[in-house]
Amino acid sequence: MGLPQPSQKGKAQSSTLLLHIPPCCSNPRSSGTMEDKRNIQIIEWEHLDKKKFYVFGVAMTMMIRVSVYPFTLIRTRLQVQKGKSLYHGTFDAFIKILRADGITGLYRGFLVNTFTLISGQCYVTTYELTRKFVADYSQSNTVKSLVAGGSASLVAQSITVPIDVVSQHLMMQRKGEKMGRFQVRGNPEGQGVLVFGQTKDIIRQILRADGLRGFYRGYVASLLTYIPNSAVWWPFYHFYADGLLLCHPGWSAMTRSRLTATSASQLSYLCPKECPHIVFQAVSGPLAAATASILTNPMDVIRTRVQVEGKNSIILTFRQLMAEEGPWGLMKGLSARIISATPSTIVIVVGYESLKKLSLRPELVDSRHW
């Protein structure tokens, strides 16, 4: 995420993930014949081969989904269960599901959930195009990130919510006590070809119970969860990245003082050569994800309950949750959510620029050096 915006006359270049170093900010330490690898040339949106970009992007996203989906399922079950009636935490849920249903139990609803790959690509495209539009009115990375992140989530959630509703009901299928509103008829352990039978059965039950509106149950709650989550992730990412640089033991007190008034691009340039800047980014990404998760988890719990339990009111769901489980009920599934967000965030931060390099138009390959 966070492709840099095209250069404009009279405007400074900036990049969300890899920070460009303008020539005017050159540091005396870097003088010499050898090129400083930290001065990374920016790959702009128009430089990409879009076909390769989307193909590689889908493949990368699929690998992330496979690795973190079990924790997405666990988070959903923890948020839906009453108190600790079934599971006592993330690890306990993981072990119990594995013992009861095997590895396939951790992937219930996965095939349906993969359709959200479409919304993921829509998110990326909307994010980049919105940043480009906002750049005409503001040069602030924070402003561009806030507006673009919120807009991208709005578009993505319009596609994702129906898929989420179906996949979450599939996640609730288990041996023994019923967890969600709908129970797959016949064999709830359906594997192989029966997986698609389960999906059709859930879709029919949603249609009979709620009509087409049932597929957008919790849409407002989803927007109230993911728009703020996306909007605050980027500012916190920059906050942590700059903070890590300032806390580096190699800086003197005078240097730290000077850095607080320095632009992000200059901070990137002043980063010690022996410590690649990508390390700071790889650490800052998960920290930002954890912070955003903590801030938005209460609404995520409410969203899940509205969608799975068929509730119609966000406020009534909140009141019921508070009455039954107190404030701690709003933090249910938080650890599983952070665990599932961490690897995907690292891949996004570290891998996204590599993805762009792989997607560079052939005629531009020789003109870019890293």
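The numbering scheme is per chain: residues are counted from 1 as the chain's sequence reads. Selection of residues for local features in this predicted model requires a pLDDT of at least 70, selection of side-chain atom pairs for listing and counting requires 80 or more, and totals for whole chains, interfaces and linings are taken over all residues. Note: side-chain values were computed over all heavy atoms of the structure, leaving out hydrogens and water.

A. Seen up close, the packing of aromatic side chains. Centres within 6.5 Å are what make two rings of Phe, Tyr or Trp a pair, Trp counting through its six-membered ring; a difference in plane orientation under 30 degrees is then read as stacked, over 60 as edge-to-face, and the rest as tilted. Considering all chains together, one arrives at eight aromatic pairs under this definition. Considering the side-chain rings of Phe-71 and Phe-94, the 6.3 Å spacing of their centres and the 10° angle between planes classify their relative orientation as stacked. Remark: Phe-94 occurs in helix α2 (residues 90–101) and Phe-71 occurs in helix α1 (residues 50–80); sequence separation between them is 23 residues. Each residue is assigned to one of three classes by its accessible area relative to the maximum for its type, calculated with a 1.4 Å probe on protein chains only: buried under 20%, partly exposed between the two thresholds, exposed over 50%. Since its relative accessible area comes to 25%, Phe-94 is described here as partly exposed. Centroid distance Tyr-216 to Tyr-219: 5.6 Å. Interplanar angle 75°. Geometry classified as edge-to-face. For Tyr-216, a relative accessible area of 38% corresponds to the partly exposed category. Judged by relative accessible area, Tyr-219 falls into the partly exposed class, the value being 23%. Here a helix means four or more residues in a row that DSSP labels H or I, a strand means two or more in a row labelled E, and each is numbered from the N terminus.

B. Region of interest: a nonpolar patch on the surface. Within the patch definition used here, like charges are joined within 9 Å and nonpolar side chains (Val, Leu, Ile, Met, Phe, Trp, Tyr) within 5 Å, considering only residues with over 30% relative accessible area and no salt bridge. In short, Shrake-Rupley with a 1.4 Å probe defines the accessible areas, and a residue's cover is counted only from the protein chains shown. Any carboxyl oxygen of Asp or Glu that lies within 4 Å of a side-chain nitrogen of Lys or Arg is treated as forming a salt bridge with it. A cluster of nonpolar residues, Val-143, Leu-146 and Val-147, forms a patch on the protein surface that exposes about 200 Å² of accessible area. Summarising the element assignment, Val-143 is placed in helix α5 (residues 141–171).

C. Structural detail: helix α11 (residues 314–325). In a regular helix each residue adds 1.5 Å, so 12 residues correspond to 16 Å; α11 covers 16 Å between its end C-alpha atoms and thus fits that length. One side-chain oxygen at the N-terminal end of α11 lies 3.4 Å from the backbone nitrogen of Ile-315; it belongs to Ser-313. Looking one or two places after α11, you find Gly-326, whose phi comes out positive at around 75°. For a helix, the expected span equals 1.5 Å multiplied by the number of residues minus one. We call two N or O atoms a polar contact when they sit within 3.5 Å, provided that within protein one can donate a hydrogen and the other can accept it, with sequence-adjacent residues counted only if both atoms are side-chain atoms.

D. The arrangement of the nonpolar core in detail. As used in this record, nonpolar core signifies buried Ala, Val, Leu, Ile, Met, Phe, Trp, Tyr and Cys residues forming a set joined through side-chain atoms within 4.5 Å. Ile-74, Tyr-87, Ile-97 and Met-172 are the most contacted members of the largest nonpolar core, which totals 16 residues. Secondary structure elements with two or more residues in this core: α1 and α2. For this core, the leading source of residues is α1, giving five residues. The contact criterion used is simple: two residues touch if any of their non-hydrogen atoms lie within 4.5 Å. If near-sequence neighbours (up to four positions away) are discounted, Met-172 is found in contact with Thr-76, Arg-77, Val-80, Met-179, Gly-180 and Val-308. One finds Ala-148, Tyr-237, Ala-288 and Ala-289 within the second-largest nonpolar core, a separate group that totals 12 residues.

E. Structural view of the pattern of salt bridges. Per the stated rule, a full pass over the model turns up 13 salt bridges. The partner of Glu-325 in a salt bridge is Lys-332, with the nearest N and O atoms 3.0 Å apart. A relative accessible area of 10% means that Lys-332 is categorised as buried. Where salt bridges share partners, they join Lys-82, Arg-305, Glu-309, Lys-311, Glu-324, Glu-325 and Lys-332 into one cluster.

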